[in-house]
Each structure stands twice: as C-alpha cells, then as structure tokens.
Amino acid sequence: MTTQTQGKAVITGASSGIGFTYADRLAQRGFDLVLVARDQARLDALAADLRAKHSVEVDVVKADLTQPGDLGALEQRLRSDASITLLVNNAGVALNTTLAESDLGEVDRLIQLNIVALTHLASGAAAGFSARGTGAIINIASVVPMIPERFNAVYAASKAYVLSLTQSLAVELSEKGVQVQAVMPGATRTEIWERAGMDINAFPPEMVMDVNEMVDAALSGFDQKELVTIPSLPNAADWQAFTQARLALGPNLSLQHAAQRYKTAGA
Ligand code: NAP
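Residues numbered from 1 in each chain as written. Predicted model: local features only at pLDDT ≥ 70, side-chain atom pairs only at ≥ 80, totals over all residues. Heavy atoms only, no water.

**Points about the packing of helix α1 (residues 17-28) against helix α2 (residues 40-54)**
At their nearest, the axes of α1 and α2 sit 10 Å apart, and the two run at 20° to each other. It follows from the interaxial angle that α1 and α2 lie roughly parallel. The two elements α1 and α2 cross, and the hand of that crossing is right-handed. Here α1 contributes Phe 20, Ala 23, Asp 24, Ala 27 and Gln 28 to the contact with α2, which in turn contributes Leu 46, Leu 50, Lys 53 and His 54. Classifying every residue of the contact of α1 with α2 gives five nonpolar, two polar and two charged. (Axes fitted to C-alpha atoms, helices over the stretch in contact; angles between N-to-C directions. Helix = DSSP H or I, 4+ residues; strand = E, 2+ residues; numbered from the N terminus. Parallel < 35°, antiparallel > 145°, perpendicular 65-115°, else oblique. Left-handed = near helix turned anticlockwise from the far one by under 90°. Contact = heavy atoms within 4.5 Å. Nonpolar A, V, L, I, M, F, W, Y, C, P; charged D, E, K, R; others polar.)

**Let's talk about the site of the ligand**
Contacts to the ligand come from 31 residues, most closely from Ile 18, Arg 38, Asn 90, Tyr 155 and Thr 190. Here an oxygen atom of the ligand and a side-chain polar atom of Ser 16 are 2.8 Å apart. Its free accessible area being 880 Å², the ligand has 97% of it covered by the protein chains. For the shell around the ligand, the secondary structure elements donating two or more residues are α1, α5 (153-172) and α6 (192-195). Examining the composition of the shell around the ligand, we find that three residues originate from one element, α6, more than from any other. By residue class, the composition of the shell around the ligand is 14 nonpolar, eleven polar and six charged. (Near = heavy atom within 4 Å. Polar contact = N/O pair within 3.5 Å; in protein donor to acceptor, adjacent residues only side chain to side chain. Areas by Shrake-Rupley, 256 points an atom, 1.4 Å probe, with all protein chains shown as cover.)

**Topic: the layout of surface pockets**
Approximately 350 Å³ is the volume attributed to the second largest pocket. Considering the residues around the second largest pocket, the lining is formed by 17 residues, among which Glu 226, Val 228, Thr 229, Ile 230 and Trp 239 are closest to the centre. The set of elements that each furnish at least two residues to the lining of the second largest pocket consists of α7 (211-223), β7 (228-229) and α8 (236-248). Of the residues forming the lining of the second largest pocket, the biggest block, five residues, is contributed by α8. (1 Å grid on protein atoms, 1.4 Å probe; cavity = no way out; pocket = protein on both sides within 12 Å on 5 of 7 lines; lining within 4 Å. Points joined across faces, edges and corners; volume = space filled by probe spheres on them.)

**Structural notes on empty space enclosed by the protein**
Under the definition given, this model contains one cavity of 30 Å³ or more. Computed from the structure, the largest cavity encloses a volume of approximately 30 Å³. The element best represented in the lining of the largest cavity is helix α4 (residues 104-132), accounting for four residues. Residues belonging to the lining of the largest cavity are distributed by class as follows: six nonpolar, two polar and no charged.

**Here we look at α2**
Across its 15 residues, α2 extends 21 Å between first and last C-alpha, which sits within 8% of the 21 Å expected from 1.5 Å per residue. Along α2, the residues classified as buried are Leu 43, Leu 46, Ala 47, Leu 50 and His 54. One side of α2 holds all its buried residues, which, seen down the axis, span an arc of 105°. When the buried face of α2 is taken as reference, the exposed residues oriented beyond 90 degrees from it are Ala 41 and Ala 52. Those residues of α2 that are buried lie in contact with α1, β2 (32-37) and β3 (58-62). Between the side-chain oxygen of the N-cap and the backbone nitrogen of Ala 41 there are 3.3 Å, and the N-cap of α2 in question is Asp 39. (Expected span 1.5 Å × (residues − 1). Buried < 20%, exposed > 50% of the residue type's maximum accessible area, 1.4 Å probe, protein only. Arc of directions from axis to C-beta.)

So, in structure tokens, the structure goes:
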C-alpha cells in the first residue's frame, strides 16, 4: 500500500544489499526514489518492481561515485533539487588485506567511495536541506570503529570517519531542521563480503544479521530520531555509557601543560 509522497530519497549503492533494501522500505513509506549505482540493469529491474508495487516515481542514475564527474553531478542535484528530502549515503566497499600488502589503487578506490563520495554527497545534502529547513541524511557506517583491531585497517578507518563526520554534522545542522543518523551495522548478509574476498559463512550464524532485519531496525532508529543506531545492540544504555565516558575525557583533552607522567622521561 502506498501512502502520500514524502519527497524524494536518494539512495547510493541501491543495486544490492542494504541500499536495495532501503529502496524497498522507503518506497513502501511513500518516498519517490533516485537509485544510484554502477549496475544499470539491476537498478532498472528494481525500479520497475518498485513502481509496480508502490506507485512511486523512481529515477535510475548510473554512476561510478569514485569518478569526479558522476559524483559532482549527484552532489549538485542534492544541493539544488528541492524535491529531494532524504539522502541514504550507503554505497561502500570493503577490503581484506593488510595495509602493507594492499594494492594502493584499491585502497584509493575505497577511500574515494567510502570517504570522499560520502562527504561530497553529505555536503550537497546538508547545503540543500539547510536552505529548505527540512530533510534527513542517513550515513551507513559500521560497528568496526568499535573493534578496528579485528578488521582491515583502511575499511575500519573509513567507517570511523563516517561516524565522526555524522556526529559533527549533527551539531552543525542542529538548528537547521535537518535530521542526521549514523547506522552501525554488524555483519550483515550481503554481497560486500564476497566482493572483498571474504566468506560471511565463516562467521558463527548468531553473529550475522539478515539484511531485511538490519534495515528495518535502522529505520526504527531513524523514526526514534537516534543519532547513532547499532541494530544489534540489546541495551541502548551501553552506547550512552560509552558516549558519556568519551565526553568525560573532554576537560582534559587540551590543557596548557603536559601530564606529569610525560615530564620524567630523560630526567
Ligand atoms: P553490497 O551488497 O556490496 O552493496 C554495495 C553497493 O555499493 C552496491 O549497490 C554497489 O553497486 C555500490 N557500489 C560499489 N561501488 C560503487 C561505486 N564505485 N559507485 C557507485 N556505487 C558503488 O554491500 P552492502 O553490505 O549492502 O553495503 C552497503 C554499505 O553498508 C557499505 O557502506 C558497507 O560498508 C556498509 N556495511 C555493510 C555491512 C555488512 O556486513 N554487509 C556491515 C556494516 C556496514 P554497483 O556494484 O552496481 O555499483
């Protein structure tokens, strides 16, 4: 069943996995959609299905977001198209090699997609939504910033960037009527693992979430206006305690003098 239109949602990485599932759920909620990825055939098939099922308008944008031309065009559209009310900044890739052994071309492509593209699109959306006093930005991060020791260094660092960007952006946009959310999924069954040469089946099944359950939980967190949503975390108070512990460092993070323990070396 389709409800009245909510405006247009731009979803990057909509051809598979998490982005594909957001497309389905947002169409169900009455959003018109702009579906972005490189694989046009998959986007066209999804678009046809969603138009038929939900009577929403769906645009398909074939774009490689590591390419400045494709990225710039989408960023400009976010900045200027007043019908856009939501950005799901989701497209991302993973890696599974140590930094020393990584192909730096692949490292650069990861940084370009997971960090540079996400930042440019968030900037376009932040500017457009602020000017209109309404809109929302959902950035897909990951739980890996909490456990970087267990993952590829560049992937984990890219997701720490997404979390940090979102936390700062929320403050920058707090008076502008723009909602911001970072979603931190744990292992979720999608193609990203195989694309990065990893086997999701190597994880114990109790650690892997179905993508439908993951996205539904993330959207529930969005509806609850959470800044950070960790779909699997049983107790929200654990995240609040972690945040409080982090903020408690605040008064001592920048002082005129070094700590006493650093004044004895070489004395
Ligand atoms: P996925 O199924 O591999 O989807 C990735 C999407 O990104 C695809 O639609 C892909 O489409 C698109 N994409 C890849 N390179 C692109 C490029 N250069 N330009 C434009 N689009 C590009 O993986 P997923 O798990 O749904 O990942 C979505 C997001 O969730 C990522 O940011 C990922 O880091 C994050 N995440 C995933 C997990 C997990 O366990 N699955 C956990 C935490 C966070 P095309 O190939 O058609 O371009």
